[in-house]
Amino acid sequence: MRERYKAWLEATHGPLFELHRHYARRLFESDLITSPDDLRRVVITCLAAVASLGFIVPKLYYKKYEYLGLGPNVDLYRRAIYADQLFFVVMTMLGIAALVTFRWDSLFPNREDYLILRPLPLKLSQIYFAKLTTLTALALLVIALLAIPCASSFASVISGSHDLAPSWQEMPAQVVATFCAGIFVVFALALLQTVLMNCLPLQWYARASASVQSLLLVAILCAIPWAVDLPNAVQWIDLRPAWSLYAPPLWYFAVYEKLLGRADSYDSMLAVRGVLAAGCVLAGTILISLVSHRRYARRIFESAVQTRRSRLTLVEWFAERIAHGSRESAILLFALRSLDRMKQHRMIRLVYAGVGCALVLESGIGVLLTGAFNKGPIHHGAVLDAVFALPLMLFFFLFTGLRYAFRIPVDLRANWLFRLTAPDAILERRRAVRLIYIGFALLPALAATAPFLLMVMAPWHGVYAILFAGLIAVLFIEHELENSDTIPLTCSYLPGKRNILHTGIIYWFVVFVITTVLTALEAIGGANPVRASLVILFLTFLAWRSLPTITVDTPQLRFDDLPEPAVATLGLSGE
Amino acid sequence: MLEARNLTKRYSSIAAVENVSFTIRPGQILGYLGPNGSGKSTTVKMLTGLIEPSEGEILYRGKNVLKNRLWFSRHFGYVPEEPHLYTHLTGREYLQLVGRLRGMEKSILERKIETMLDLFGLTDFRDTQMSSYSKGMRQKVLLSAALLHDPDVLILDEPFSGLDVTAALVFRTLLQALAAEGKMILYSSHVLEVVEKVCSEVLILHRSRVVANDSVARLRDLRSSSSLEDVFSQLVMHEDASAVASQMIAVMRG
């Protein structure tokens, strides 16, 4: 059976099947993935991880519902179920939105797709819709893997003494509601991109599309901490404020209620709204695509190449003025332009920055909600630790995002230029990279958190926290500069050296551990103004000591070499 | 004078280049020829320092290049075989990057960039990212980058690849003018007609070894051939091209 399936899969099928196969493979293509085997491993691991979430549900919820089931409060039991159902809907929507946003460029064919596929005997519509349906199919697969195990596990867990509906009804209702929510998200994003694609001039579209993608990604990451808190929303889950009319997660929660026959008239209206919205975005995407796919292909081919000035003009102007010499400014501008223009690098920085912002927002809002600030400036306790952690946490995420991006080459084969012209540019590299770390990690982290620190703490405490975070950041930057000897984005992350999942996990784990330890130390040091001054003096001394030292063993920068390509000839030379 | 002595490069036990020696004097253009896989690009990469030779030495003005890499890198310009460049940069930005990494003064650099882009007909595309450049346009940028700092040695690996007829003609004339000014030029190529017209001497590699190193005229005389192509065929081709072509057609129909 397996052999027959394998043989069928390896055989050539119709153009649509082959197009989907082609696009599906390319969906997972990335320089961060090392080889086809690694790719397969990553895909299977991710899908298995998604599917296994369903089997964690009983472990997470069994005790809770067992405890609630023992009590007499049926209403509390019901509200707990509602809160958890809303949580599933919201997390599914966020997960699918993150997937589609990550693969934003894979929704529709690009110039390269048309260049490769158009000369083949394929219709434009086949090229266009195959790409759209490939990502959609992946999204639906993820929804299925997420919804079906979760729904069946959850339905069995809540079927206790206060059970509101039989499991055989709960489960399909949850699956259908989740599918509706997922379809709405996938096609709402597709529709957004279709509209941008058709309404904007092509040269604006690329920029606008990248900006929308960035905003969406940061918004999704910022929404995750809020969503994680939803199972605790038993107090307000029954409320239906006016804004719920415009809150898609509540529409699909209402669909779930409607399917179980528990919806009141308002919920019914929300459910209808949800189904209509999913249908509208689906129909809208298909209709606009049907009408515009030929025009889209024509625009991609026929649009004249646009020349434009860099959007970093101001940053570049400033960078040129603060750089010490032509080589330093060359390295600095190269890194800035590459970080700005390379999608992969921008995405990495956005993910790190988004997670950092999300955590800081969550912590900041949490601090305000505790009410500790209402009694005057915060002086001690866990709330003070949380406030102290804000600039450090944001800095670490911005810093590690940059550091990780720097290790992924823009084009490894093009680094011959640096190898020939700047193998000895140790000092220039160090100064240029320092400026980037300061300008794009240290200063933004301090600027974003300093007003809040000064607002919620006593002035001397706020200044201490800012100085402490700034000096620790300088020490980390200098340590990093001393321990790396590569020009950013030119080398070092050869495919196959590290697994992307491991890298992400290690980085984030280190960030959390370091932030926790440093925050504890900071709190101890900030017990009174005298001790705080001594700590700052000590850190200033360390930072000053770290600045001028160069302990690079070799006088040359490091460049990784690619193995020589095998040269295959026609055999005309007798080889 | 640039001199290679017994250059050898081995990958594991397989020799990519074996005992290659040659000399390029000021004003000389050395044509570096050979079939695919004969070791041309490997030699070029050893000269430029991108890979280390397993054996042998390279001398420039009597100094060992392998021990004075930085010094030598200031004296040569290089055009690689494949147009590997940072395509997310514009043509002007790329040339600025190269010039600045070579420590050129800004005003001189900007003037040179503007003029070179203008001479190569790239002015209209100077602020366009090179990802949308044609192969020929990228090659022009690479040629400009190699000439920016007025090097004494030019190491060119298939420099005319993708260039249009006009640009190729201009560049061919430029090479001869540079040689007349005393520059040393290594010209690695498959295009025998151009090599025959441009180069004063040629070196032919076959299976990693030198099989000929002499002036074009003398090689023609020695092999009693009318053209460099005939000489090349005699030295390196051991299969009947028409027989291979016939087999290809048979496969196509097959």
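What you are looking at is a predicted structure, and each value in this text was computed from that prediction instead of being measured. (Residues numbered from 1 in each chain as written. Chains lettered and ligands numbered in written order. Predicted model: local features only at pLDDT ≥ 70, side-chain atom pairs only at ≥ 80, totals over all residues. Heavy atoms only, no water.)

(A) View of the overall build of chain B. Along its length, chain B carries 10 helices and 10 strands. Its C-alpha atoms give chain B a radius of gyration of 19 Å, within 12% of the compact-globule value 18 Å for 254 residues. Oriented by its inertia axes, the alpha-carbon framework of chain B measures out at about 55 × 50 × 40 Å. Burial status across chain B gives 54% buried among its 254 residues. Sequence separation of 24 or more characterises 65% of the internal contacts of chain B that already satisfy a separation of 6 or more. Only carbon and sulfur atoms are counted for the fraction: they give 50% of the accessible area of chain B, which is about 10900 Å². On chain B, the mean spot of the 30 positive side-chain charges and the mean spot of the 29 negative ones are 4 Å from each other. (Helix = DSSP H or I, 4+ residues; strand = E, 2+ residues; numbered from the N terminus. Rg over C-alpha atoms; globule rule 2.2 N^0.38 Å. Buried < 20%, exposed > 50% of the residue type's maximum accessible area, 1.4 Å probe, protein only. Contact = heavy atoms within 4.5 Å. Areas by Shrake-Rupley, 256 points an atom, 1.4 Å probe, with all protein chains shown as cover. Lys, Arg positive; Asp, Glu negative; His and termini not counted. Charge placed at Lys NZ, Arg CZ, Asp CG, Glu CD.)

(B) View of the interface of chain B and chain A. Contacts between the two partners involve 49 residues from chain B and, on the opposite side, 45 residues from chain A. Taken together, both faces of the contact between chain B and chain A bury some 3900 Å²; the carbon and sulfur share is 59%. Its largest share of buried area at the contact with chain A, chain B owes to Tyr86, Arg100 and Leu101 of chain B, together 20% of the area lost on that side. Close ionic contact of Glu320 of chain A with Arg100 of chain B constitutes a salt bridge, the shortest N to O distance being 2.7 Å. Summed over the shared surface of chain B and chain A, the result is 13 residue pairs in polar contact (both at pLDDT 80 or more). Elements supplying a minimum of two residues to the side of chain B that touches chain A: α1 (40–48), α2 (69–73), β6 (76–79), α3 (91–101) and α10 (241–253) of chain B. Broken down by element, the residue count for the side of chain B that touches chain A peaks at eight residues, all from α3 of chain B. (Buried area = accessible area lost by both parts, 1.4 Å probe. Salt bridge = Lys/Arg side-chain N within 4 Å of Asp/Glu carboxyl O. Polar contact = N/O pair within 3.5 Å; in protein donor to acceptor, adjacent residues only side chain to side chain.)

(C) Quick peek at the sheet that holds β6 of chain B. All names here are of chain B. An order of β6-β7-β8-β3-β9-β10 is seen for the six strands of this open sheet, with the pairing classed as mixed. One side of each edge strand has no neighbouring strand; the edge strands of this open sheet are β6 and β10 (209–215). For this sheet, the mean inter-axis angle between neighbouring strands, taken without regard to orientation, is 15 degrees. Pairing analysis gives four bridges linking strand β3 (residues 29–33) to strand β8 (residues 184–188), with the strands arranged parallel. By the bridge assignment, Leu30 is partnered in β8 with Leu186. In the packing of helix α5 (residues 135–147) onto the sheet, contacts are made with β6 and β7 (153–157), and the angle to β6 comes to roughly 170 degrees. (Pairing = 2+ DSSP bridges. Axes fitted to C-alpha atoms, helices over the stretch in contact; angles between N-to-C directions.)

(D) Expanded view of the state of the cysteines. All names here are of chain A. Evaluated as defined, the whole model comprises zero disulfides over all chains. Of the cysteine sulfurs around Cys222, a residue in no disulfide, the closest is that of Cys357, at 5.7 Å. Judged by relative accessible area, which is 22%, Cys222 ranks as partly exposed. (Disulfide = S-S within 2.5 Å.)

(E) Examining the pattern of salt bridges more closely. Inspection of the entire model under this criterion finds 33 salt bridges over all chains. Of the charged contacts in the structure, one is a salt bridge between Arg5 of chain B and Glu3 of chain B, with a shortest N-O distance of 3.1 Å. In this structure, the salt-bridge partner of Asp214 of chain B is Arg218 of chain B, at a minimum N-O distance of 2.9 Å. On the basis of relative accessible area, Asp214 of chain B is assigned to the buried category, the value being 19%. One network of salt bridges, with partners in common, ties together Arg26, Glu112, Asp113 and Lys131 of chain A.

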